[in-house]
Amino acid sequence: MDEFDYVIVGGGSAGCVLASRLSEDPNLKVCLLEAGGEGRGWGVKIPLGIMFTVPWPFINWGFKTLPQPELDFRRTYQPRGRVLGGSSAINAMIYTRGHASDYDAWGLPGWSYKEVLPYFKRAEGNARLGGEWHGQEGPLPVNDSYTGNPLQQVFLDAARQAGFPQTDDFNGANQEGVGIYQVTQKEGERWSVARAYLHPVLSRPNLKVLTGARARRVLFAGSRASGVEYSRGGRIESVQARREVILCAGAFQSPQLLMLSGIGDAAELKRFGIPVLKHLPAAGEGLQDHLDITLIHRANSADTLGGSPAGVLRLLRDALRFRRERRGMLTTNIAEAGGFLKSDPKLPMPDIQLHFCVAVVHNHGRTLRHLLHGYSLHACALRPRSRGRVSLASADPMAAPAIDPRYLSDAADLDVLKKGFKMARAILDAPAFAPYRRSEMFTAKAQTDAEIEAAIRARAETIYHPAGTCRMGADAGAVVDAELKVKGVEALRVVDASVMPRLIAGNTNAPTVMIAEKAADLLRGTAS
Ligand SMILES: Cc1cc2nc3c(=O)[nH]c(=O)nc-3n(C[C@H](O)[C@H](O)[C@H](O)COP(=O)(O)OP(=O)(O)OC[C@H]3O[C@@H](n4cnc5c(N)ncnc54)[C@H](O)[C@@H]3O)c2cc1C
């Protein structure tokens with residue numbers, strides 16, 4: 001059996017950072033296990049590849065939730081990256097961090113915004129913004145949009161006409177306002193976290209990266225994690241960890257792996273015939289996600305994506321432009337603009353996030369309506385009160401976990417979403433969109449509060465930010481402590497989006513990278 005100092009499970013946003021940072025020390029032997037492949041294909045590199053990688057399960061786990069009672073019992077779609085880079089290889093590349101107060105509200109030593117800001121800055125390679133709030137030398141490139149799409153300005157003008165403020169930095173002193181999103185791209189290409197942190201160091205002799213290796217469970221010597229059992233190419237094998245095992249399998253699969261390894265609610269584990277190592281009922285609890293409602297307009301313009309002759313011609317022209325100068329439509333992250341707004345001016349910080357998309361984004365792009373020209377405006381509730389859970393559907397490590405976000409189980413979330421819906425409509429109805437607007441699809445009849453509520457129940461979907469299932473906390477009920485160590489066992493940590501005690505109010509990739517940067521320092525004993 002191979003032996004390493006650290007065995008990392010999951011080569012996603014967090015796992016790539018950790019594998020890269022820990023293997024900087026040539027005296028440490030690091031092994032990274034990733035269920036998917038290398039993530040170097042054009043579907044990952046060309047930003048527009050998102051049109052194929054999000055809807056279809058090529059490099060995507062393509063999970064589904066349990067039926068959601070408050071969403072007309074729909075089973076909603078949950079894409080997650082299955083490849084080195086994880087979800088950062090299929091995400092919309094938006095670089096935001098949430099609100100400073102989100103981290104302060106975690107209330108944990110070492111995790112206030114002041115304390116985590118140096119880790120955001122260490123990771124960030126921002127081409128435009130620097131100073132107090134931004135890093136310019138980090139491995140993760142952050143750039144302004146490369147598309148030059150005129151619809152960005154139309155959106156900004158419409159938001160101004162609807163009375164909303166603007167900003168050119170969502171991650172500076174003040175989050176509030178609409179603007180063009182900065183993206184984790186360089187030279188017009190997607191820069192997944194694998195590309196930023198891992199691919200450049202794959203030749204290190206002390207780093208072993210096994211792709212196509214799916215972890216089945218953590219192995220223990222007594223209560224100490226000693227290795228990982230995984231399957232690869234039809235064989236079951238294992239690796240040994242001298243120091244620690246670190247789970248970076250994401251908000252759905254890190255808790256699943258804990259449970260498969262005997263850490264979870266004892267009664268539930270017994271029901272699946274799994275020997276109980278540690279009764280930790282919080283494992284898998286506390287699932288939070290950003291639920292999102294989208295308003296979509298048809299448009300006649302080839303500035304939006306679509307399958308008309310003009311749209312196809314535009315794409316072909318832009319394919320040549322992409323080859324020449326890495327600009328144009330192929331660099332689109334689709335959700336090119338957006339913002340953070342208050343549903344009530346009296347609120348201390350924004351509670352709604354908008355994503356403005358230059359395409360018809362209906363059902364995650366999984367229907368032929370994707371071929372119509374149009375634009376979409378998403379509104380999500382940033383601080384959901386609803387809490388769900390991840391649990392086992394089977395004791396088979398190859399089975400998907402049972403994902404139950406319990407969307408809208410707290411009625412307060414519905415109220416915020418209704419306000420978000422109305423704000424999005426005010427922007428789309430503003431004069432700036434007049435030259436583009438044809439008709440509102442799907443939701444045109446939703447005018448009264450009751451109709452808007454029905455539209456939300458019928459149509460709301462995830463905006464892809466599950467977190468909180470291996471909650472960090474100082475209390476006995478938490479899954480990991482403030483150093484990300486799993487409670488009640490030794491030599492096992494969780495480092496990914498699952499440890500957020502409360503979902504931050506923004507997109508979750510940069511915060512996950514920050515968590516992993518800080519975890520690397522915690523493991524090296526150099527954390528601030
Ligand atoms: C479609 C989509 C759009 C998004 N858009 C944005 C955006 O624009 N901006 C933003 O900031 N965030 C966005 N996000 C969210 C962000 O990308 C994620 O929050 C972040 O990548 C999570 O990182 P992670 O390390 O927790 O998990 P992941 O990056 O999902 O990594 C988990 C990894 O573990 C692997 N794995 C799982 N189980 C096993 C196992 N048993 N054995 C071995 N390997 C395993 C997976 O294959 C995967 O590679 C988006 C996400 C999606 C899905």
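Shown above is the structure to which this text applies.
Since the model is a prediction, treat every value here as computed from it, not as a measurement.

**Description of the overall build of the protein**
Within the protein, the regular secondary structure consists of 13 helices and 25 strands. Here the protein has a C-alpha radius of gyration of 22 Å; the compact-globule value for 528 residues is 24 Å, and the two agree. By its C-alpha atoms, the protein is 70 × 50 × 45 Å across when sized along the principal axes. Counting all 528 residues of the protein, 63% fall into the buried class. Once local pairs closer than 6 in sequence are excluded, the contacts in the protein between residues at least 24 apart make up 69%.

**Describing the side chain of Ser 145**
By secondary structure assignment, the location of Ser 145 is in the loop between β6 (140–142) and α6 (151–161). Judged by its relative accessible area of 19%, Ser 145 is buried. A distance of 3.3 Å separates a polar atom in the side chain of Ser 145 from the backbone nitrogen of Thr 147. A polar atom in the side chain of Ser 145 sits 3.0 Å from the side chain of Gln 152. Those residues in contact with Ser 145 that lie beyond four places of it in its chain are Gln 152, Ile 180, Tyr 181, Val 183, Arg 327 and Glu 336.

**Section: the sheet that holds strand β21 (residues 388–391)**
Across the sheet, three strands lie side by side as β16-β21-β22; this open sheet has antiparallel pairing. Strand pairing shows two members of the sheet lacking a second neighbour, β16 (285–287) and β22 (402–404), which therefore form its edges. When strand polarity is set aside, the average angle formed by the axes of neighbouring strands in this sheet is 35°. Where β16 and β21 come together, two bridges link them in antiparallel fashion. Among the inter-strand pairings, Glu 285 is bridged to a residue of β21, identified as Arg 389. Sitting on the sheet, helix α8 (residues 250–260) is in contact with β16, β21 and β22, with an inclination near 50° to β21.

**Considering helix α1 (residues 13–22)**
Among the ten residues in α1, ten count as buried, and that is most of the element. If you check which residues of α1 are buried, you get Ser 13, Ala 14, Gly 15, Cys 16, Val 17, Leu 18, Ala 19, Ser 20, Arg 21 and Leu 22.

**Here we look at the site of the ligand**
Of all residues adjacent to the ligand, which total 40 residues, the nearest are Ser 13, Glu 34, Ser 87, Thr 508 and Asn 509. Between the ligand and Asn 91, the relevant distance is 3.1 Å, taken from an oxygen atom to a side-chain nitrogen or oxygen of the residue. Taken by itself the ligand offers 1,000 Å² of open surface, and the protein chains cover 98% of this. Looking at the shell around the ligand, the elements that each hand over two or more residues are α1, β2 (30–34), β11 (214–221), α8 and α13 (509–524).

**Points about the pattern of salt bridges**
Taken as a whole and assessed by the stated rule, the structure comprises 40 salt bridges. In this structure, Glu 24 engages Arg 21 in a salt bridge whose closest nitrogen and oxygen atoms are separated by 2.8 Å. Judged by relative accessible area, Glu 24 falls into the partly exposed class, the value being 36%. The residue Arg 524 makes a salt bridge to Asp 521 at a minimum N-O spacing of 3.0 Å. Of this pair, Arg 524 and Asp 521 both sit in helix α13, three residues apart, roughly one helical turn. Taking the relative accessible area as the measure of exposure, Arg 524 reaches 31% and is therefore partly exposed. Since its relative accessible area comes to 5%, Asp 521 is described here as buried.

**Quick look at the nonpolar core**
Counting residues in each nonpolar core, the largest one holds 90 residues, and the members touching the most others are Leu 18, Leu 33, Trp 111, Leu 258, Leu 484, Leu 492 and Val 495. With nine residues, α13 is the largest single contributor of residues to this core. Ignoring sequence-local partners within four residues, the contact set of Leu 18 consists of Ile 8, Ser 23, Ile 246, Cys 248, Val 495, Ala 516, Ala 519, Ala 520 and Leu 523. In terms of nonpolar packing, the next biggest core, distinct from the first, is built from 41 residues, Leu 291, Ala 299, Met 423 and Ala 460 among them.

**Overview of the packing of aromatic side chains**
What the rule picks out here adds up to 13 aromatic pairs. Measuring from ring centre to ring centre gives 6.1 Å for Phe 356 and Tyr 375, while their planes differ by 50°; the resulting arrangement is tilted. Here Phe 356, found in strand β19 (residues 352–357), pairs with Tyr 375, found in strand β20 (residues 374–381); they are 19 residues apart in sequence, far enough to count as distant. Here Phe 356 and Tyr 375 have matching classes, each one buried. Of the aromatic side chains, those joined through ring pairs into one cluster are Tyr 103, Trp 106, Trp 111, Tyr 113 and Phe 120. Positioned above the aromatic ring of Trp 42 is the side chain of Lys 45, whose terminal nitrogen or guanidinium carbon lies 5.3 Å from the ring centre.

Procedures and definitions
Residues numbered from 1 in each chain as written. Predicted model: local features only at pLDDT ≥ 70, side-chain atom pairs only at ≥ 80, totals over all residues. Heavy atoms only, no water. Helix = DSSP H or I, 4+ residues; strand = E, 2+ residues; numbered from the N terminus. Rg over C-alpha atoms; globule rule 2.2 N^0.38 Å. Buried < 20%, exposed > 50% of the residue type's maximum accessible area, 1.4 Å probe, protein only. Contact = heavy atoms within 4.5 Å. Polar contact = N/O pair within 3.5 Å; in protein donor to acceptor, adjacent residues only side chain to side chain. Pairing = 2+ DSSP bridges. Axes fitted to C-alpha atoms, helices over the stretch in contact; angles between N-to-C directions. Near = heavy atom within 4 Å. Areas by Shrake-Rupley, 256 points an atom, 1.4 Å probe, with all protein chains shown as cover. Salt bridge = Lys/Arg side-chain N within 4 Å of Asp/Glu carboxyl O. Core = buried A, V, L, I, M, F, W, Y, C linked by side-chain atoms within 4.5 Å. Phe/Tyr/Trp six-rings, centres within 6.5 Å; stacked < 30°, edge-to-face > 60°. Lys NZ or Arg CZ within 6 Å of the ring centre and 35° of its normal.

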